[in-house]
Amino acid sequence: MLAKKKSSESRHRRVTRVEPPVLEEAIVAAQGLTDDIDSQVEIAAQLMGLPQDEVRPVVLKTPAQPRRPERMPERMIMPERSDGPKVVVVERKRPRLVMPR
């Protein structure tokens, strides 16, 4: 007897594992988005799928992560306007259609 071949579908099936964030990760993400405590509670609760009453005490206990200030360049160089506006032209060539004879 011949051995049965495994179907190619079983070899190529992809399995995606979905892990919701832990509460601490959701709170850190919420703190990165806003400084308002009520908004942090709402965001973390939505991320976790928990009621806000369960999330609020944990948010209040968690110390706020220090924000890094966005670095601005010391000086921005503006292009000279005396040269006039720069113009860029982009053309698209259509492919040739060959008609059957």
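All of the points below concern the structure found in this document. Every chain is numbered on its own, with residues counted from 1 as its sequence reads. Since the coordinates come from a predicted model, pLDDT governs what is reported: local features require at least 70, and pairs of side-chain atoms require 80 or more to be given and counted, while whole-chain, interface and lining totals use all residues. Computation of side-chain values covers all heavy atoms of the structure but excludes hydrogens and water.

### Quick look at the overall build of the protein chain
(1) Moving on: The numbering of helices and of strands both runs from the N terminus, where a helix is a DSSP run of H or I of at least 4 residues and a strand a run of E of at least 2. The helix and strand inventory of the protein chain stands at four helices and zero strands.
(2) Moving on: Written out in order from the N terminus, the α and β elements of the protein chain read α-α-α-α.
(3) Moving on: Counting every position in the protein chain, which comprises 101 residues, the buried fraction comes to 12%.
(4) Moving on: Of the contacts formed within the protein chain by residues at least 6 apart in sequence, a portion of 44% connects residues at least 24 apart.
(5) Moving on: Note on areas: Shrake-Rupley, 1.4 Å probe, and residue coverage restricted to the protein chains presented here. On the protein chain, roughly 10900 Å² of surface is accessible, and the fraction owed to carbon and sulfur atoms is 54%. A 1.4 Å probe rolled over the protein chains alone gives each residue an accessible area, and that area as a share of the maximum for its type sets the label: buried under 20%, exposed over 50%, partly exposed in between. The contact rule is simple, with two residues in contact once any of their heavy atoms fall within 4.5 Å.

### Concerning the nonpolar core
Inside soluble globular proteins, nonpolar side chains tend to come together where they are buried.
(1) Moving on: By convention a nonpolar core is built from buried Ala, Val, Leu, Ile, Met, Phe, Trp, Tyr and Cys residues, the set being connected through side-chain atoms within 4.5 Å. Leu-23, Ala-26, Ile-27, Ala-30, Val-41, Ala-44, Ala-45, Val-55 and Val-59 together form the largest nonpolar core, which totals nine residues.
(2) Moving on: Broken down by secondary-structure element, the contributors of at least two residues to this core are α2 (23-33), α3 (37-48) and α4 (52-61).
(3) Moving on: No other element matches α2, which puts four residues into this core.
(4) Moving on: Setting aside anything within four residues of it in sequence, one finds Ile-27 in contact with Ala-44, Val-58, Val-59 and Thr-62.

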